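Coordinate inspection notes
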Amino acid sequence: MNEFHGTPHNRALRGDIAKTVLMPGDPLRAKLIAENFLENAKLINDVRNTLGYTGNYKGKEISVMASGMGMASIGIYSYELYTQYGVESIIRTGSAGAFVPELSMYDVVLAESAWSESTYARVQNGDLSDIMFPDELLNQKILSAAQNLSIPIQKTKVYSSDVFYGEDNLTRFKTVNRNHQCTCIENECFALFHNAKVLNKKAACILTISENFVTDHSASAVERQNAFTNMIQIALESVL
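Residues numbered from 1 in each chain as written. Predicted model: local features only at pLDDT ≥ 70, side-chain atom pairs only at ≥ 80, totals over all residues. Heavy atoms only, no water.

The name given to the chain in an unreviewed UniProt entry is Uridine phosphorylase, with the source organism recorded as Hungatella hathewayi WAL-18680. Per UniProt, the comment on the chain under Catalytic activity (unreviewed entry) is "uridine + phosphate = alpha-D-ribose 1-phosphate + uracil". (UniProt positions renumbered as here; feature names shortened; annotations may be inferred.)

Following this line, the structure appears as structure tokens:
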């Protein structure tokens, strides 16, 4: 039997990664979570600078690993975590842009579904669904953690898109809101939810609003990296 030496994208060995993984897009946010919230955090992956760590939070082993940007990237990393490393649950902790005025900067939202025009699911296994869903029990744990922490969290339908720079984003967002009742956009969770569905695993997605296209407010790169404490605390407490 050949010894396992990781994957082309992950040098971690089996056993290095916990059953639950928090997955921000930004490698530096993964580093920030590991250094500021986990005890005895150990770097377990740095291939392509996609940083991954495993440590303990209040006695519970948890891993945090970056997904990179876009469905293709999170599709690779989440699929490998589920199939090669025995991961059972992935909680995406990311940023989103709002296109309704009711969502303010740094509000925390929980995806109750993700609509997308992406071909990711169709290409991956022929699934023609344009809506993907998170694990219901995992979402319930997240909502309970937010309530216990007294941190407001809003459930919403998320627009999960392959395109960040559209030629007429505002018109596109208005159409998506009108036709599909989505309130914010991100670029990963449709693929994550699909992989979990295919592999009979668990996935959820918590997002912090880092931009509002209606009010024209936007967070800087540094603010996106550092100002998501509420979301991180909710995700960590939900694992307990």
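Relative to each other, helix H2 (residues 71-84) and helix H6 (residues 189-199) sit at 30°, their axes nearing to 8 Å. By the angle class used here, H2 and H6 are roughly parallel. The two elements H2 and H6 meet at a crossing, and its hand is right-handed. Taken together, the residues of H6 that come into contact with H2 (itself represented by Met71, Ile74, Gly75, Ser78, Tyr79, Tyr82 and Thr83) are Phe190, Ala191, Leu192, Asn195, Ala196 and Leu199. (Axes fitted to C-alpha atoms, helices over the stretch in contact; angles between N-to-C directions. Helix = DSSP H or I, 4+ residues; strand = E, 2+ residues; numbered from the N terminus. Parallel < 35°, antiparallel > 145°, perpendicular 65-115°, else oblique. Left-handed = near helix turned anticlockwise from the far one by under 90°. Contact = heavy atoms within 4.5 Å.)

Take the side chain of serine 63 next. You can see serine 63 is positioned in strand E4 (residues 60-65). Within the local environment of serine 63, its side chain forms a polar contact with the backbone nitrogen of alanine 18, the two atoms lying 2.8 Å apart. A polar side-chain atom of serine 63 sits 2.6 Å from a polar atom in the side chain of threonine 54. (Polar contact = N/O pair within 3.5 Å; in protein donor to acceptor, adjacent residues only side chain to side chain.)

Now for helix H5 (residues 169-180). Residues separated by three or four positions in an α-helix point in the same direction, a consequence of the helix having 3.6 residues per turn. Taking 1.5 Å per residue as the helical rise, H5 with its 12 residues ought to reach 16 Å, and the 16 Å between its terminal C-alpha atoms agrees with that figure. Along H5, the positions that sit buried rather than exposed are Asn169, Arg172, Phe173 and Val176. End-on, the buried residues of H5 take up no more than an arc of 95°, which puts them together on one face. The exposed set on the far side of H5, more than 90 degrees from its buried face, consists of Lys174 and Arg178. At its buried positions, H5 is contacted by strand E6 (108-115), strand E8 (154-160) and strand E9 (184-186). Note on H5: the residue one or two positions beyond its end, glutamine 181, has a positive phi of about 60°. (Expected span 1.5 Å × (residues − 1). Buried < 20%, exposed > 50% of the residue type's maximum accessible area, 1.4 Å probe, protein only. Arc of directions from axis to C-beta.)

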